[in-house]
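Architecture and fold: a report
Read off the chains here:
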Amino acid sequence: REDLLRRQTAKPGAQPMPPNSPASVALTRREDKAERLLVCAMLRLSAVIESVASDDDARQGFSPMWGPVVDGIVAEWQEHGKIDVSRLTQDLAPEIAGEMAALALEGDNFSDVECAKIAADCLAHLRRKHIKARKRDERLGMRAAGEQGDEKAERERMLEWQDLVRKERQLERRKLEPKLTAR
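Residues numbered from 1 in each chain as written. Predicted model: local features only at pLDDT ≥ 70, side-chain atom pairs only at ≥ 80, totals over all residues. Heavy atoms only, no water.

**Describing the overall build of the chain**
Selection criterion: Helix and strand assignments follow DSSP, with helices taken as H or I runs no shorter than four residues and strands as E runs no shorter than two, numbered in order from the N terminus. Between buried and exposed lies partly exposed: a residue is buried under 20% and exposed over 50% of the maximum accessible area for its type, with that area taken using a 1.4 Å probe on protein chains only. Residues are treated as being in contact if the distance between any of their heavy atoms lies within 4.5 Å.
Looking only at helices and strands, the chain has 10 helices and zero strands in total. When the helices and strands of the chain are placed in sequence order, the string is α-α-α-α-α-α-α-α-α-α. Counting over 183 residues, the chain shows a buried share of 33%. Partitioning the intrachain contacts of the chain with sequence separation of at least 6 by distance along the chain shows that 67% fall at a separation of at least 24.

Here is the structure:
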């Protein structure tokens, strides 16, 4: 658990992380859980790194805190064919470096099958998050184009919004499909 790791790694006399620091706020966000779990799975399985590297929609769903971390993991894997957590954490803020080390240890608690399932669920969540944000932007763009009387731009935005709705429905259908389990 996070609080246990913080207590164990806290140095005597060290100041705790301020509650409103960017890292602290991100660590408490609900959406951050999917990103953290996905990073954990990436540190465990190279197949997950391949999936993340090839999924632009999901990569766009990462927060500003975890996006560079994921990009670093992908770059490390593409360059060296393996992940060296100590090399990855050298250029990160101390809070994020600590999180990376904790996630690397946490990944050892999962089997390969569990990691793959976690990664698939997290990628689907991040895809939905990105599509939802793009739909919002397209709606705002349609409204602005309509107010300016630019029918062509409004129509283009409408088509893009409809495409995003289709993608979102496809993701929802996949989410609702019964999962086959190996026995």
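So that's the structure; there's more coming.
**Focus on the nonpolar core**
We count it as follows: For this analysis, a nonpolar core means a set of buried residues of the types Ala, Val, Leu, Ile, Met, Phe, Trp, Tyr and Cys, connected via side-chain atoms within 4.5 Å.
Grouped together as the largest cluster of nonpolar side chains are 30 residues, with contacts concentrated most on Leu38, Val39, Met42, Val48, Trp66, Ile73 and Met100. Only helix H3 (31-44), helix H4 (46-53), helix H6 (67-80), helix H8 (94-107) and helix H9 (112-148) provide two or more residues apiece to this core. Ranked by residue count, the leading element in this core is H3, at seven residues. Beyond its immediate stretch of four places on either side in the chain, Trp66 contacts Asp32, Glu35, Arg36, Val39, Glu99, Met100 and Leu103.

**As for H4**
Stated precisely, the cut-off is as follows: What the arc covers is the set of directions going from the helix axis to the C-beta atoms.
All of the buried residues along H4 are Val48, Ile49 and Val52. Buried residues of H4, viewed axially, fall in a sector of 105 degrees; they line one side.

**Focus: a negative patch on the surface**
For the record, the criterion: Every patch collects residues that have over 30% relative accessible area and no salt bridge, joining them within 9 Å if they carry like charges and within 5 Å if they are nonpolar side chains (Val, Leu, Ile, Met, Phe, Trp, Tyr). Exposure was quantified through the Shrake-Rupley algorithm and a 1.4 Å probe, taking into account, for residues, occlusion by the shown protein chains and nothing else. Salt bridges are identified by distance alone: a Lys or Arg side-chain nitrogen within 4 Å of an Asp or Glu carboxyl oxygen. We treat Lys and Arg as the positive residues and Asp and Glu as the negative residues; His and chain ends play no part in the count. For this purpose, a charge sits on NZ of Lys, CZ of Arg, CG of Asp or CD of Glu.
Negative charge collects at one region of the surface, where Asp150, Glu151, Glu154 and Glu156 lie side by side. Assignment of secondary structure puts Glu156 in helix H10 (residues 151-176). Since its relative accessible area comes to 46%, Glu156 is described here as partly exposed.

**Digging into the side chain of His130**
Among the secondary structure elements, His130 is positioned in helix H9. Of the residues examined, His130 reaches a relative accessible area of 12% and is grouped as buried. Setting aside anything within four residues of it in sequence, one finds His130 in contact with Asp57, Gln60 and Gly61.

**Observations regarding the packing of H4 against H6**
When two helices pack together, you describe them by how their axes are tilted relative to each other and by the distance separating the axes. The test is simple: Think of each axis as a best-fit line through the C-alpha atoms, taken over the contacting stretch in the case of a helix, with angles from 0 to 180 degrees between the N-to-C directions. A crossing counts as left-handed when the near helix is turned anticlockwise from the far one by less than a right angle, and as right-handed when that turn is clockwise. The classification used treats Ala, Val, Leu, Ile, Met, Phe, Trp, Tyr, Cys and Pro as nonpolar, Asp, Glu, Lys and Arg as charged, and all other residues, Gly among them, as polar.
It is at 10 Å that the axes of H4 and H6 come closest, and there the two elements cross at 115 degrees. Regarding H4 and H6, the two cross each other, and that crossing is left-handed. Facing H4, whose interface residues are Ser46, Ile49, Glu50, Val52 and Ala53, H6 presents Val70, Ile73, Val74, Trp77 and Gln78. Residues belonging to the contact of H4 with H6 are distributed by class as follows: seven nonpolar, two polar and one charged.

**A few points about the environment of Val52**
Looking at the element boundaries, Val52 is found in helix H4. For Val52, a relative accessible area of 1% gives the class buried. As for Val52 and Val70, which are separated by 18 residues in sequence, their C-alpha atoms are 8.4 Å apart. Apart from the residues lying within four places of it in its own chain, the contact partners of Val52 are Leu38, Met42, Arg59, Val70 and Leu123.

**Comments concerning the pattern of salt bridges**
A complete count under the given rule lists 14 salt bridges for this structure. A salt bridge links Arg59 to Asp71, with the nearest nitrogen and oxygen atoms 2.5 Å apart. With a gap of 12 residues between them, Arg59 in helix H5 (residues 56-60) and Asp71 in helix H6 connect regions that are remote in the sequence. For Asp71, a relative accessible area of 39% translates into the label partly exposed. For Arg128, the salt bridge identified is with Glu172, shortest N-O distance 3.8 Å. Of the two residues, Arg128 is situated in helix H9 and Glu172 in helix H10; the sequence distance between them amounts to 44 residues. A network of salt bridges, in which partner residues are shared, links Glu76, Asp84 and Arg87.

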